[in-house]
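Examination of the molecular architecture
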Amino acid sequence: MKVEDTAVFFSNRTTEAGAITGVVGWMASVNWIGWAGVFIALLGLFANLYYQRRRDRREQAESDARLEALRRQRNP
């Protein structure tokens, strides 16, 4: 498993844990737990967006390289 895949996995779990914490805090009427859950969920969301963007850029560069290699094979 790649480091970025691990980071995406953990950022997804962080987002889920933050959302659950927020709901539990809201249901228990403990404001600081609810706000902590929202903060954790947002932190996980931003980490996920960061690593997804990096993966998208890498995959686009790989796709462009493959297409260029195919073009060179067809037109030597």
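A few points on the structure. (Residues numbered from 1 in each chain as written. Predicted model: local features only at pLDDT ≥ 70, side-chain atom pairs only at ≥ 80, totals over all residues. Heavy atoms only, no water.)

**A short note on the overall build of the protein**
The helix and strand inventory of the protein stands at 2 helices and 0 strands. Expected size for 76 residues packed as a compact globule is a radius of gyration near 11 Å; at 20 Å, the protein overshoots this value by more than 25%. Based on the C-alpha atoms only, the size of the protein along its principal axes is roughly 70 × 20 × 15 Å. Taken across its 76 residues, the protein has 16% of its residues classed as buried. When contacts within the protein are restricted to residue pairs at least 6 apart in sequence, those whose partners lie at least 24 apart make up 59%. (Helix = DSSP H or I, 4+ residues; strand = E, 2+ residues; numbered from the N terminus. Rg over C-alpha atoms; globule rule 2.2 N^0.38 Å. Buried < 20%, exposed > 50% of the residue type's maximum accessible area, 1.4 Å probe, protein only. Contact = heavy atoms within 4.5 Å.)

**Digging into a nonpolar patch on the surface**
Nonpolar side chains collect at one region of the surface, where W35, V38, L42, L45, F46 and L49 lie side by side and expose about 620 Å² of accessible area between them. Along the chain, the position of L45 falls in helix α2 (residues 31-74). (Patch = residues over 30% accessible without salt bridge, like charges linked within 9 Å, V, L, I, M, F, W, Y side chains within 5 Å. Areas by Shrake-Rupley, 256 points an atom, 1.4 Å probe, with all protein chains shown as cover. Salt bridge = Lys/Arg side-chain N within 4 Å of Asp/Glu carboxyl O.)

**What about the packing of aromatic side chains?**
Applying the stated rule across the entire model yields 1 aromatic pair. On the numbers, 5.0 Å between centres and 80° between planes, the contact of Y50 with Y51 is edge-to-face. The class of Y51 is partly exposed, set by a relative accessible area of 24%. (Phe/Tyr/Trp six-rings, centres within 6.5 Å; stacked < 30°, edge-to-face > 60°.)

**Some remarks on the environment of R66**
Tracing the sequence through the fold places R66 in helix α2. Owing to a relative accessible area of 55%, R66 belongs among the exposed residues under this scheme.

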